[in-house]
Amino acid sequence: MNTEDILYYLEGKGLLSPADSFTIVKGEEIPFLSLTMPHLLVIIHPNQEEGALFARRALAIYENESPVLLLARGNILRLTLEEFSHYEAKGDFLLLFDSRKAEKRSPVPFSLSDLKDTMHTLLAPGGCPWDRKQDHRSLCTYLIQETAEVIDAIDHDDMDNLKEELGDLLFQVVFHATLAEKEGYFTMQDVEDGVNRKMIRRHPFVFDKDKSDSSVSTPEGWEKRKRIEKNRKYLLSGVPKCLPSLLLACIIQKKVGSSGLQDLLNSGEQARYERNGFPLSSCLKSDRVAEKEKKAGALLFDFVRILREEGIDPELALHRYSLNFMEKFHGFEVDLEKKGQRITDIEPEKALQLWKEYVSTH
């Protein structure tokens, strides 16, 4: 059955109206599917293994009695999730699930006490000699590696591996916190309490609706609140200079752009290319996000090749330019400060004018 036939079939059974929202997928898509979509989900002909995976995932989110419908050979079979988890399919069927009619399970409580006990044992006399030699600095490489492995699992949509890699990353966090506790700086509980309080402060529009300013929910509001909390005098204060160059450039642009100062980011090189008949933005024309991303990746990939052929290290070149921009931008803010001004208090048009004047003389 194609999508049109399925819709006609469901409407004929009174299970769907033309005004209803829905998602139709094949059974093979179950491993990558969100089960919390607020509308009807229709799964076409899942096999036994795919159906079992759906039941296992759904039962981790919803109560046993949550309803599912099976449509096969013109018949409608109404089951609970628990019943479907034991159901042995015979022939092709459509599986219908509506999360709005399912009752969510209460969040599963968890504790880090066992992991913390294990960590203390490893670091205690008679524990692991290698672990006992480590300090915060020596562990940095492993923290980076575990983070990269988490990202790799996400890129591969590998949930089993993601669970394992998140555990490895969590172990690194507990390792650092335990070392800090042994040195008398802070505990793992301090880490948890601190980030919890921070998230509540950063989301007043969620936790304190009566007093909150709705503008805080915007990226600009987030950045402003963050600067106030951290008592950061300058816009780019706190940006780690050791970040990979592309990420560093993105963060710089995001922070500057969040204050309405996007025009300050224009180096002038794009205009030069466009005057020579090479409009960069036109290379990314597409209505589909995935296609634009693919084109952007290809453009970057080719540009890396061109730079390498010219004997230029792309990572180093972008990193140096980003650091140079940060230094120049900091000098600009200091210069404004001497004149009794702050960049966040100046209109973007005026800031751009002052920026051009500063750059031309420095």
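Note that this is a predicted model, so its numbers are computed, not measured.

(A) Region of the structure containing the overall build of the protein. Counting its regular elements, the protein contains 15 helices and five strands. Burial analysis of the protein (362 residues in total) assigns 29% to the buried set. In the protein, the share of contacts with a sequence separation of at least 24, taken over all contacts with a separation of at least 6, comes to 54%. Accessible surface, the protein: about 24100 Å² in total, of which carbon and sulfur atoms supply 53%.

(B) Summary view of the packing of aromatic side chains. Scanning all chains against the criterion turns up 13 aromatic pairs. For the ring pair Y87 and F93, a centre distance of 6.4 Å and an interplane angle of 85° mean the geometry is edge-to-face. Through pairs of rings, three or more aromatic residues link up here, namely F54, Y62, F84, Y87, F93 and F97.

(C) Fine view of helix α6 (residues 140–155). Taking 1.5 Å of rise per residue, 16 residues should cover 22 Å, and α6 covers 23 Å from first to last C-alpha, within 8% of that figure. Turning to α6, its buried residues are E146, V150 and A153. The arc that holds every buried residue of α6, seen down its axis, measures 65°, which confines them to one face. Exposed side of α6, more than 90 degrees from the buried face: T141, I144 and D155 are the residues found there. Its buried side turned inward, α6 meets α7 (159–182). Count one or two residues on from α6 and you reach D157, which has phi positive near 50°.

(D) Summary view of the packing of helix α4 (residues 113–123) against α7. Close contact between α4 and α7 brings their axes to 10 Å; oriented N to C, the two are set at 60°. As far as their axial angle goes, α7 and α4 are oblique. Judged by the sense of rotation from one axis to the other, the crossing of α4 with α7 is right-handed. In this structure, α4 uses L115, K116, M119, H120, L122 and L123 to contact α7, whose residues at the interface are L170, F171, V174, F175, T178, L179, E181 and K182.

(E) Structural view of the pattern of salt bridges. What the rule picks out here adds up to four salt bridges. In this structure, the salt-bridge partner of E63 is R105, at a minimum N-O distance of 3.7 Å. Here E63 is found in the loop between α2 (48–61) and β3 (67–72), whereas its partner R105 is found in the loop between β5 (94–98) and α4, with 42 residues between them in sequence. Judged by its relative accessible area of 27%, E63 is partly exposed. In this structure, the salt-bridge partner of R305 is E309, at a minimum N-O distance of 3.3 Å. Of this pair, R305 and E309 are both found in helix α13 (residues 289–309), four residues apart, which corresponds to roughly one turn of the helix.

(F) Layout of the packing of helix α11 (residues 245–257) against helix α14 (residues 314–338). Following both chains from N to C, one finds α11 and α14 inclined at 30°, their axes separated by 8 Å at the closest point. As far as their axial angle goes, α14 and α11 are roughly parallel. Judged by the twist between their axes, the crossing of α11 over α14 is left-handed. Two secondary-structure elements touch here, α11 through S245, L246, L248, A249, I252 and V256 and α14 through E315, L318, H319, S322, L323, F325, M326 and F329.

(G) Just a negative patch on the surface, in detail. Taken together, D152, D155, D157, D158 and D160 make up a surface patch of like negative charges. Along the polypeptide, D157 turns up in the loop between α6 and α7.

(H) Up close: the sheet that holds strand β1 (residues 22–26). Taken together, the five strands give an open sheet; going across it, the order is β1-β2-β5-β3-β4, and neighbouring strands pair in mixed fashion. With one partner strand each, in any of the chains shown, β1 and β4 (75–80) form the two edges of the open sheet. Recorded for the sheet is a direction-independent mean angle of 20° between the axes of neighbouring strands. In terms of strand pairing, strand β2 (residues 40–44) meets β5 through five bridges, oriented antiparallel. The residue of β5 that forms the bridge with L41 is F97.

(I) Expanded view of α13. With 21 residues, α13 extends 30 Å from end C-alpha to end C-alpha; this agrees with the ideal 30 Å at 1.5 Å per step. Backbone geometry just after α13 places G311 at a positive phi near 80°.

(J) Seen up close, the nonpolar core. In terms of nonpolar packing, the biggest core is built from 23 residues, with L41, I43, F54, V68, L81, F84 and L95 touching the most fellow members. Of all the secondary structure elements, the ones that give two or more residues to this core are β2, α2, β3, α3 (81–85) and β5. By residue number, the principal contributor to this core is α2, which donates five residues. The contacts of V68, once residues within four sequence positions are left out, are F54, L77, R78, L79, T80, L81, F84, L95, L96 and F97.

(K) Region of interest: the environment of D335. With respect to the helices, strands and loops of the structure, D335 is situated in helix α14. Between the C-alpha atoms of D335 and Y358, which are 23 residues apart in sequence, the distance is 8.5 Å.

Quick notes on the rules
- Here, residues in each chain are numbered from 1, in the same order as that chain's written sequence.
- Only residues with pLDDT of at least 70 are given local features in this predicted model, and only at 80 or more are side-chain atom pairs given and counted; all residues enter the totals for whole chains, interfaces and linings.
- Hydrogens and water are ignored here; the side-chain numbers use all heavy atoms of the structure.
- Every helix listed is a DSSP run of H or I at least four residues long, and every strand listed is a run of E at least two residues long, numbered separately from the N terminus.
- Under the scheme applied here, a residue whose accessible area is under 20% of the maximum for its type counts as buried, over 50% as exposed, and between as partly exposed, the area being computed with a 1.4 Å probe on protein chains only.
- A contact between two residues is defined here by any heavy atoms of the two lying within 4.5 Å.
- Each accessible area value is a Shrake-Rupley result obtained with a 1.4 Å probe; residue values ignore everything except the protein chains displayed when judging cover.
- Each Phe, Tyr or Trp ring, with Trp reduced to its six-membered ring, pairs with another whose centre is within 6.5 Å; inter-plane angles below 30 degrees give stacked pairs, above 60 give edge-to-face pairs, and intermediate values give tilted ones.
- A helix is expected to reach a length of 1.5 Å times the quantity of its residues less one.
- Working definition: the arc comes from the directions between the helix axis and the C-beta atoms, pointing outward to the latter.
- Angular values range over 0 to 180 degrees, each being the angle between N-to-C directions of two axes fitted as lines to C-alpha atoms, with helices fitted over their stretch in contact.
- When describing relative orientation, an angle under 35 degrees is termed roughly parallel and one over 145 degrees roughly antiparallel, while 65 to 115 degrees is termed roughly perpendicular and anything else oblique.
- Should the near helix be turned anticlockwise from the far one by less than a right angle, the crossing is left-handed, and should it be turned clockwise, the crossing is right-handed.
- Within this document, salt bridges are pairs made up of a side-chain nitrogen of Lys or Arg and a carboxyl oxygen of Asp or Glu, the two lying within 4 Å of each other.
- Like-charged residues within 9 Å of one another, or nonpolar side chains (Val, Leu, Ile, Met, Phe, Trp, Tyr) within 5 Å, are grouped into patches, provided each residue has over 30% relative accessible area and no salt bridge.
- None of His or the chain ends enter the tally, which takes Lys and Arg as positive and Asp and Glu as negative.
- For this purpose, a charge sits on NZ of Lys, CZ of Arg, CG of Asp or CD of Glu.
- Paired strands, as defined in this entry, are two strands with at least two bridges between them according to DSSP.
- Here the nonpolar core consists of buried residues drawn from Ala, Val, Leu, Ile, Met, Phe, Trp, Tyr and Cys, with membership extended through side-chain atoms lying within 4.5 Å.

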